[in-house]
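# Chain and residue survey
Spelled out, the chains give:
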Amino acid sequence: MYKCCINERCYKRKLRENRCSSCGLSYTEASSGNGFVGKLLVKTDSEVNTFTIFTQQVEQLCKLLECNIKSTSLESDIAKKLPVNIKFQKMEQKITKILV
Ligand SMILES: [Zn+2]
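Owing to the predicted nature of the structure, the values given are computational and were not obtained by experimental measurement. (Residues numbered from 1 in each chain as written. Predicted model: local features only at pLDDT ≥ 70, side-chain atom pairs only at ≥ 80, totals over all residues. Heavy atoms only, no water.)

## Focus: the domain arrangement of the protein chain
- Partitioning the protein chain into domains gives domain 1 (1–35) and domain 2 (36–100).
- In this structure, domain 1 and domain 2 have C-alpha centres spaced 23 Å apart.
- Between domain 1 and domain 2, the residue contacts involve five residues of the former and four residues of the latter.
- Counting the surface lost from both domain 1 and domain 2, the interface buries some 390 Å², and carbon and sulfur atoms represent 62% of this.
- Linking domain 1 to domain 2 there are one salt bridge.
- One salt bridge in this structure joins Glu-59 and Lys-12, with 4.0 Å as the shortest N-O distance.
- Summed over the shared surface of domain 1 and domain 2, the number is zero residue pairs in polar contact (both at pLDDT 80 or more).
- For the side of domain 1 that touches domain 2, a count of residues per class yields two nonpolar, two polar and one charged. (Domains from an automatic or database assignment. Contact = heavy atoms within 4.5 Å. Buried area = accessible area lost by both parts, 1.4 Å probe. Salt bridge = Lys/Arg side-chain N within 4 Å of Asp/Glu carboxyl O. Polar contact = N/O pair within 3.5 Å; in protein donor to acceptor, adjacent residues only side chain to side chain. Nonpolar A, V, L, I, M, F, W, Y, C, P; charged D, E, K, R; others polar.)

## Thoughts on the coordination of the zinc ion
- Around the zinc ion, the protein contributes the donor atoms Cys-5 (SG), Cys-10 (SG), Cys-20 (SG) and Cys-23 (SG), at 2.3 to 2.4 Å from the metal centre.
- Considering all four donor atoms around the zinc ion, angles at the metal cover 108 to 112° and the coordination shape is tetrahedral.
- Spacing between the donor residues of the zinc ion along their common chain follows C-x4-C-x9-C-x2-C.
- Classification of Cys-5 by relative accessible area gives buried; the value is 2%.
- With a relative accessible area of 8%, Cys-10 lands in the buried category. (Donors = N, O, S within 2.8 Å, 3.2 Å for Na, K, Ca; no water. Tetrahedral: all angles 85-135°; square planar, octahedral: opposite > 155°, others 65-115°. Buried < 20%, exposed > 50% of the residue type's maximum accessible area, 1.4 Å probe, protein only.)

Printed below as a string of structure tokens:
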């Protein structure tokens, strides 16, 4: 999890020293948004692959697994519910959409 800009045009850009390098807005610990980036191990019929997932996919995964995205132990909350069957769309090594 990382702190991000909540300006929609900035697409959850990561903050540097609580400042968005795109729009220049400053944030406090409390006012910044939360962005996510992680790895998901996915086994398909023929192979096992590691994919990168970002905030949007984590949100979709949370919806699917009924996890609270605001949880401070989100990572282990998700891990506890795995493995799970998912349908997803991918592009190279990134999952672009988890279908719920
Ligand atoms: Zn910004």
